[in-house]
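If you want the building blocks of each chain, they are given just below.
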Amino acid sequence: MDFNKENIARFGIATKGFVYTLIGALTFMATIGSGGSKSGSNDALKFLQNNRLGTILLGITAAGLVAYVFWRLYQAIMDPDKEGKDLKGIGNRLGFFSSGVFYGLMAFSAIEILIGSGGGYGGGQESLIAIALSKPAGQAIVLIIATVFLGRAIFQMVIAYTNLYKKRIKAQNLDPKIQNLMVTLGKIGHTARGIVIGVIAFLTYRAAFSYSFEEIRGTKDAFSFLQDEFGTIALSVVAIGMMMYGIFLLINARYRDMKRV
């Protein structure tokens, strides 16, 4: 990848990491009674807007999310990672594309908040599911969306508990201490993210079967579900895991090998 594309990619990955770190931090703070609140991406973006230099921070974050969308779509279309056109390669590239769409919705929400027009239903994915559920074939569409979430949750666990990401980290020939740190952060972070996405999948299935807009849920409501069903300690652990996932991405943005990207 040339210099400009490489820096766009790094900026995008770092921004994603920043958002996840903020989501985890705000949620963890809420669990220990030190301010904060159980937060999804929209809540984190609004938190930035409501703080000192908020407009500047939110503007930078919105730009970073757009950069991440560009990078994901670039991966999907131009295939710099040489995923190929076999079944596995196409599946990976479709994953990049769906990721681009998801973070495109998040970027759109950030821009909406930045210009003062709100932020939709409180999150891009909730808006998408609500629109789908209102269509004639809404239940089938939402069931498909729920299954996509379930697939993403399983994939996060596969990443966490196989050598897939460990091999990629070790292939970058980093300092052993940084390698070990990234492996630890990645395992815990991907596990936490897999749990949250798995809960979102469950809640989305429930919305489909109940035909209820009130059942449409995102990350914030997944946190509430975890706290209600498993307790504050469980939520605290997952929130810390989300922070660790964000930190993993921040380090990855700095050290990731971009030669083929």
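Relevant structure appears above.
Residues numbered from 1 in each chain as written. Predicted model: local features only at pLDDT ≥ 70, side-chain atom pairs only at ≥ 80, totals over all residues. Heavy atoms only, no water.

**What about the packing of aromatic side chains?**
And then number 1: Applying the stated criterion to the full structure yields 6 aromatic pairs.
And then number 2: For the pair Tyr 20 and Tyr 245, a centre-to-centre distance of 5.1 Å together with 90° between the ring planes defines the contact as edge-to-face. Taken as a pair, Tyr 20 in helix α1 (residues 3–31) and Tyr 245 in helix α10 (residues 232–255) lie far apart in primary sequence, 225 residues in all. One exposure class covers both Tyr 20 and Tyr 245, and it is buried.
And then number 3: Grouping aromatic residues by their ring pairs yields a cluster made of Tyr 68, Trp 71, Phe 102 and Tyr 103.
And then number 4: Between the NZ or CZ atom of Arg 152 and the centre of the ring of Phe 102, over which it lies, the distance is 5.0 Å.
And then number 5: The ring of Tyr 255 has Arg 254 sitting right over it, with the charged end atom 4.7 Å from the ring centre. (Phe/Tyr/Trp six-rings, centres within 6.5 Å; stacked < 30°, edge-to-face > 60°. Helix = DSSP H or I, 4+ residues; strand = E, 2+ residues; numbered from the N terminus. Buried < 20%, exposed > 50% of the residue type's maximum accessible area, 1.4 Å probe, protein only. Lys NZ or Arg CZ within 6 Å of the ring centre and 35° of its normal.)

**Here's the deal with a nonpolar patch on the surface**
And then number 1: A contiguous nonpolar patch, built from Phe 11, Leu 53, Ile 56, Leu 57 and Ile 60 and spanning about 460 Å² of accessible area, is present on the exposed surface.
And then number 2: With 3 residues, the single largest contributor to the nonpolar patch is helix α3 (residues 54–78).
And then number 3: In this structure, Leu 53 sits in the loop between α2 (41–49) and α3. (Patch = residues over 30% accessible without salt bridge, like charges linked within 9 Å, V, L, I, M, F, W, Y side chains within 5 Å. Areas by Shrake-Rupley, 256 points an atom, 1.4 Å probe, with all protein chains shown as cover. Salt bridge = Lys/Arg side-chain N within 4 Å of Asp/Glu carboxyl O.)

**Structural notes on α2**
And then number 1: All of the buried residues along α2 are Ser 41, Asn 42, Ala 44, Leu 45 and Leu 48. Down the axis of α2, the buried side of the element spans an arc of 160°, and every buried residue falls inside it. (Arc of directions from axis to C-beta.)

**So, the pattern of salt bridges**
And then number 1: On inspection of all chains with the given rule, the structure shows 3 salt bridges.
And then number 2: For the salt bridge of Glu 6 with Arg 10, the shortest nitrogen-to-oxygen distance reads 3.1 Å. Remark: Arg 10 and Glu 6 occur in helix α1; sequence separation between them is 4 residues, near one turn of the helix.
And then number 3: Using a relative accessible area of 19% as the deciding quantity, one classes Arg 10 as buried.
And then number 4: Residue Lys 220 pairs with Asp 43 through a salt bridge whose shortest N-O separation is 3.6 Å. With Lys 220 in helix α9 (residues 219–230) and Asp 43 in helix α2, this pair connects stretches of sequence that are 177 residues apart.

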